[in-house]
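Working through the structure, step by step
Below are the chains, spelled out letter by letter.
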Amino acid sequence: MLLTFWAVFGGVILLGILLFLLYQNIGKEEEAEKAEENSVEAVSGLVVEAIPEIEDISGKPEGETEKTQEEIREEEPKSKYADVLGDFSYMKENNIYAKETAKENEVTVAFAGDILFDPNYSVMASLLQRTDGIYDSISGDLIEEMQSADIMMVNNEFPYSGRGNPTEGKQFTFRARPESASILEDLGVDIVSLANNHAYDYGEEAFLDTLDILTGIGMPYVGAGRDLEEASKPVYFIAGEMKIAIVSATQIERLENPDTKGATETSPGVFRCLNPDKLLTAIREAKENSDFVIVYIHWGTENTAELDWLQLDQAPKIVEAGADLVIGDHSHCLQPIQYVNGVPVVYSLGNFWFNSRELDTCLVKAVIDENGLKSLQFVPALQKGCATSMLHGEEKTRVLDYMRSISPEVAIDEEGIISEK
């Protein structure tokens, strides 16, 4: 009992000592904090006294608050097409597509000629028997060139469909399986022209199927449509600070009632330009609404490098209407390159991957910047044995020499860069 009393008494004494020491420590900390505050105030006073003209070291006038991130973003320079790119319904209605570019402030647009995916003809029948698909039919370096272009365009000279009947009396009629449209994506294609003399080979059903199938895979098409308004409408690409327009039309077949139906105000078909008035109107519209206008046209006489009278007649009119670059196809062979009033006209790209014949062909690459056409390059290739390959060495030189021989008004250097003499 006595031990318990002394134990409790000792605990109380010890607790009291601890509380006393704690109180003293708190007091010292408060004194230290007050001393520190007084020191800071003294130093601040000295600074203000030393440089009294500085009222706000931030540099902002009195009363101005920090800007919000939203305000900062609003002050940053916007793309001149920012409002368009933000309105998806407007873009869809006006055939406008957004594209990223590999290099800032320039766009590379590449072009190839006729392709054919009909399994009843040699090139596609051969592809279906090969193990590596399209890479067995088109060389890897050529595909790399196509895929690396910011915008890649080809002439899609056939419908995609399982329906319809071949046009009666027509010597060659083409039709591809709907699933073959995916080959376009494998090749890096960004837009196809349907303005040619085979898009309607299996009639209206197959033609309309083609429009739906291309739309279904997100592949822009130009030069054909469900009516004349759609068929004649340019396709626009906004790439960086540039808006590029592409117009496409065909002057083949030269008949009042051709096998390949021309679109009308109320019926589907291709955009015909045997009479060029509507084409010239479309080019003027494109010029008003873009920074650079490309016209991709189906014209000329088959299997000859000689230019025909309609090519020579229409090229100056197309340029005068506002074209900045003219690319032609249809002849199944290469044709000359000219400058018409300062605008390059590549009259025919030839076949690209179309049949089993051995033919020289090419890609044409245009680099466009804010000042217009920066460079134009002819890339030699060869269609042979149902395959197409890029050419190098002596074979490349051979084709470039040929192009120089039929294009005396232009200069073509060893890399295929084209310039006006």
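On a predicted model such as this, the values are computed, not experimentally measured, just so you know.

**Overview of helix α6 (residues 140-148)**
Within the sequence span of α6, burial applies to L142, I143 and M146. Here the buried residues of α6 occupy an arc of 100° about the axis, which is enough to place them on one side.

**Regarding the packing of aromatic side chains**
For the coordinates displayed, the defined rule picks out 10 aromatic pairs. Aromatic side chains F174 and F354 sit 5.7 Å apart centroid to centroid with 85° between the ring planes, which places their arrangement in the edge-to-face category. Of this pair, F174 sits in the loop between β3 (151-156) and α7 (182-186) while F354 is found in the loop between β14 (351-353) and β15 (359-369), placing the two residues 180 residues apart along the sequence. In textbook terms, an aromatic cluster arises when at least three aromatic residues are bridged by ring pairs, as seen for F117, F158, Y160 and W353. If you follow K243 out to its NZ or CZ, it ends over the ring of Y236, 4.6 Å from the centre.

**Describing the nonpolar core**
Ranked by size, the top nonpolar core spans 45 residues in total, and within it F117, Y160, L184, V192, F352 and W353 carry the most contacts. At the level of secondary structure, the elements contributing two or more residues to this core comprise β2 (106-115), α5 (122-129), α6, β3, α7, α8 (203-216), β14 and β16 (372-384). Of all the elements, α8 adds the most residues to this core, at four residues. Setting aside anything within four residues of it in sequence, one finds L184 in contact with I115, F117, V154, N156, Y160, V189, V192, L214 and M219. Core analysis: the second largest hydrophobic core is formed by 38 residues, I151, L325, L376 and M403 among them.

**Thoughts on the side chain of S407**
Position of S407 among the secondary structure elements: in the loop between α12 (393-406) and β18 (410-412). Only 2.9 Å separates the side chain of S407 from the backbone nitrogen of I337, close enough to count as a polar contact. In this structure S407 touches P336 and I337, once residues within four positions along its chain are discounted.

**With respect to helix α11 (residues 309-321)**
Think of an α-helix as 3.6 residues a turn; residues three or four steps apart then line up on the same face. In a regular helix each residue adds 1.5 Å, so 13 residues correspond to 18 Å; α11 covers 19 Å between its end C-alpha atoms and thus fits that length. Among the residues making up α11, those that are buried are L310, Q311, Q314, A315, I318, V319 and A321. Buried positions along α11 lie against α10 (277-288), β10 (292-298), β11 (325-329), β12 (337-340) and β13 (343-346). The distance from a side-chain oxygen at the start of α11 to the backbone nitrogen of L310 is 3.1 Å, and the residue carrying that oxygen is D308.

**Quick notes on the confidence of the model for the protein**
Scored by pLDDT, the protein comes out at a mean of 88, with 81% of its residues at no less than 70. Note on residues 1-6: pLDDT under 50 across the span, and zero contacts to partners over four residues away in sequence or across chains. Under a pLDDT of 50 for its full length, residues 35-60 has, in the predicted model, three contacts with residues more than four places off or in other chains.

**Some remarks on the pairing of strand β17 (residues 387-390)**
Pairing analysis gives four bridges linking β16 to β17, with the strands arranged antiparallel. Bridged to A381 within β17 is M390. Where β16 hands over to β17, the hairpin turn is made up of two residues, of which G385 adopts a positive phi near 60°.

**Observations regarding unusual backbone geometry**
Residues I252 and E253 are joined by a peptide bond in cis, for which omega reads 0°. Among the structural elements, E253 can be located in the loop between β8 (242-250) and β9 (269-270). One non-glycine residue, N95, lies in the positive phi region at around 55°. By the element assignment, N95 lies in the loop between α4 (88-93) and β1 (96-99). According to the relative accessible area criterion, N95 is buried, its value standing at 18%.

Cut-offs applied
- Residues numbered from 1 in each chain as written.
- Predicted model: local features only at pLDDT ≥ 70, side-chain atom pairs only at ≥ 80, totals over all residues.
- Heavy atoms only, no water.
- Buried < 20%, exposed > 50% of the residue type's maximum accessible area, 1.4 Å probe, protein only.
- Helix = DSSP H or I, 4+ residues; strand = E, 2+ residues; numbered from the N terminus.
- Arc of directions from axis to C-beta.
- Phe/Tyr/Trp six-rings, centres within 6.5 Å; stacked < 30°, edge-to-face > 60°.
- Lys NZ or Arg CZ within 6 Å of the ring centre and 35° of its normal.
- Core = buried A, V, L, I, M, F, W, Y, C linked by side-chain atoms within 4.5 Å.
- Contact = heavy atoms within 4.5 Å.
- Polar contact = N/O pair within 3.5 Å; in protein donor to acceptor, adjacent residues only side chain to side chain.
- Expected span 1.5 Å × (residues − 1).
- pLDDT = per-residue confidence, 0-100.
- Pairing = 2+ DSSP bridges.

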